[in-house]
Amino acid sequence: KLELKAENIPLDIIYQDENIAIINKDAGVNTHPTPGIDGKSGTLVNGLLYHVKDLAGIGGVERPGIVHRLDKDTSWLIMIAKNDKMMLYLQDIMKKREKIGKYYVVIVSGIIHEKEFKIESFIGRHPVDKIKMTTKNPINGKLAISHVKVLDYIDEKYTLVQVKIETGRTHQIRVHLSSLWYPIIWDKVYGDKKVNWEVEKKYGLKRQALHSYKLEVELYWENKIFFWELKDDMKKLIKNI
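Residues numbered from 1 in each chain as written. Predicted model: local features only at pLDDT ≥ 70, side-chain atom pairs only at ≥ 80, totals over all residues. Heavy atoms only, no water.

A. The pattern of salt bridges, seen in detail. Under the defined criterion, the tally for this structure stands at nine salt bridges. Between Glu-216 and Lys-214 there is a salt bridge whose closest N-O contact spans 4.0 Å. Of the two residues, Glu-216 and Lys-214, neither departs from the other in class, the shared state being buried. Of the charged contacts, one joins Glu-229 and Lys-235 as a salt bridge, the two residues approaching to 2.3 Å between their closest N and O atoms. (Salt bridge = Lys/Arg side-chain N within 4 Å of Asp/Glu carboxyl O. Buried < 20%, exposed > 50% of the residue type's maximum accessible area, 1.4 Å probe, protein only.)

B. Local environment of the side chain of Asn-46. Inspection of the secondary structure assignment puts Asn-46 in helix α1 (residues 44-51). In contact with Asn-46, other than residues within four places in its own chain, are Leu-4, Lys-5, Ala-6, Glu-7, Ile-9, Lys-40 and Ser-41. (Helix = DSSP H or I, 4+ residues; strand = E, 2+ residues; numbered from the N terminus. Contact = heavy atoms within 4.5 Å.)

C. Structural context of the side chain of Glu-216. Residue position: Glu-216 is located in strand β9 (residues 210-219). A distance of 3.5 Å separates polar atoms of two side chains, one belonging to Glu-216 and the other to Tyr-103. Leave out the neighbours within four places in its chain, and Glu-216 touches Lys-99, Ile-100, Gly-101, Tyr-103, Asn-223, Lys-224 and Ile-225. (Polar contact = N/O pair within 3.5 Å; in protein donor to acceptor, adjacent residues only side chain to side chain.)

D. Spotlight on the environment of Lys-102. In this fold, Lys-102 is placed in strand β4 (residues 100-109). Distance from Lys-102 to Leu-215, taken between C-alpha atoms, is 4.9 Å for residues 113 residues apart in sequence.

E. Spotlight on the environment of Lys-224. In this fold, Lys-224 is placed in strand β10 (residues 222-227). The exposure class of Lys-224 is partly exposed, given its relative accessible area of 22%. As for Lys-224 and Lys-99, which are separated by 125 residues in sequence, their C-alpha atoms are 9.8 Å apart. Excluding its chain neighbours within four sequence positions, the residues that come into contact with Lys-224 are Leu-215, Glu-216, Val-217 and Leu-219.

F. The arrangement of the nonpolar core in detail. Ranked by internal contacts, the top residues of the largest apolar core, which has 34 residues, are Val-106, Ile-107, Ile-173 and Ile-185. Of all the elements in the fold, those that place two or more residues in this core are β4, β5 (116-125), β7 (139-154), β8 (158-165), α3 (172-179), α4 (193-203), β9 and α5 (232-238). Looking at this core element by element, the count peaks at six residues for β4. Contact partners of Ile-185, with chain neighbours within four places excluded, come to Ile-107, Val-108, Ser-109, Tyr-158, Val-195, Asn-196, Val-199, Leu-205, Arg-207, Gln-208, Ala-209 and Leu-237. Of all hydrophobic cores here, the second largest spans 14 residues; its members include Ile-22, Met-79, Leu-215 and Phe-226. (Core = buried A, V, L, I, M, F, W, Y, C linked by side-chain atoms within 4.5 Å.)

G. Representation of the packing of aromatic side chains within the structure. Inspection of the entire model under this criterion finds two aromatic pairs. Residues Tyr-15 and Phe-226 carry aromatic rings whose centres are separated by 5.1 Å and whose planes lie at 55 degrees to one another, so their mutual orientation is tilted. Pair noted here: Tyr-15 is in strand β1 (residues 13-16) and Phe-226 is in strand β10, with a separation of 211 residues, a long-range link. With 5.6 Å between their ring centres and 85 degrees between their planes, Tyr-213 and Phe-227 make a pair best called edge-to-face. (Phe/Tyr/Trp six-rings, centres within 6.5 Å; stacked < 30°, edge-to-face > 60°.)

H. Structural context of the pairing of strand β3 (residues 76-81). Counting buried residues in β3 gives six out of six residues, a clear majority hidden from the surface. Where burial is concerned, the two faces of β3 agree: the one with Trp-76, Ile-78 and Ile-80 and the one with Leu-77, Met-79 and Ala-81 are both buried. Two elements, strand β2 (residues 20-25) and β3, share six bridges in a ladder whose sense is antiparallel. Opposite Asn-24, over in β3, you have Leu-77 as the bridge partner. (Pairing = 2+ DSSP bridges.)

I. Structural detail: the sheet that holds β2. Strand order in the open sheet made by the three strands is β1-β2-β3, with antiparallel pairing throughout. Edge positions in the sheet fall to β1 and β3, since each of these pairs with one other strand and no more. For this sheet the average axis-to-axis angle between neighbouring strands, irrespective of direction, equals 20 degrees. Pairing geometry for β1 and β2, over three bridges, is antiparallel. Following the sheet pairing, Ile-13 is matched in β2 by Ile-23. Running over the sheet, helix α2 (residues 84-96) touches β2 and β3 and is turned about 130 degrees from β3. (Axes fitted to C-alpha atoms, helices over the stretch in contact; angles between N-to-C directions.)

Encoded structure:
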């Protein structure tokens, strides 16, 4: 039974019809409830229950309409299915890796010289640190594919890249880039603490520089493209390029 309460949490709904809603999620907001008393409030689901009146009770207990998982500290476009038919359709195209494309803007520590490349590896739970995912001897590893394109450089220290994911593994972009020694700045799990401190001091950034800015998806036999600009904290980092 769904026991969450509807909350008037501001939601940036960029598209909505009778079957689907697409939301630009802020960093720092949990997508769905987490264990503990505090994890039952302030989530995206709480806001959905208030703002999306025709949201059906789908997607499992306390996750109505949630199609894909999202990190708390990432800002991005998230699809919300309003009924079982749309839920099954979106899950199917993501599983088959067709009719959908998800693009991210990322800022990493270090200078990447190769302009375009593909990262392909198996990602699974870290054998020792259960908080982390890894590409090295992962537990129950699953194939993960990311396509990386360098866009520009910042302060001759950081690289701005676009990442298109072909698969959707937990922490995929964060793990793939850190495995090449280019961790996302202000990534508290896979990043460099010294770099994170420097970026916070200079730019005020306090969360991982990862934003889902473009979503391509086939809806109603037509290819739709949804685009949303960066949040203000990431804009401050790239304003001069």
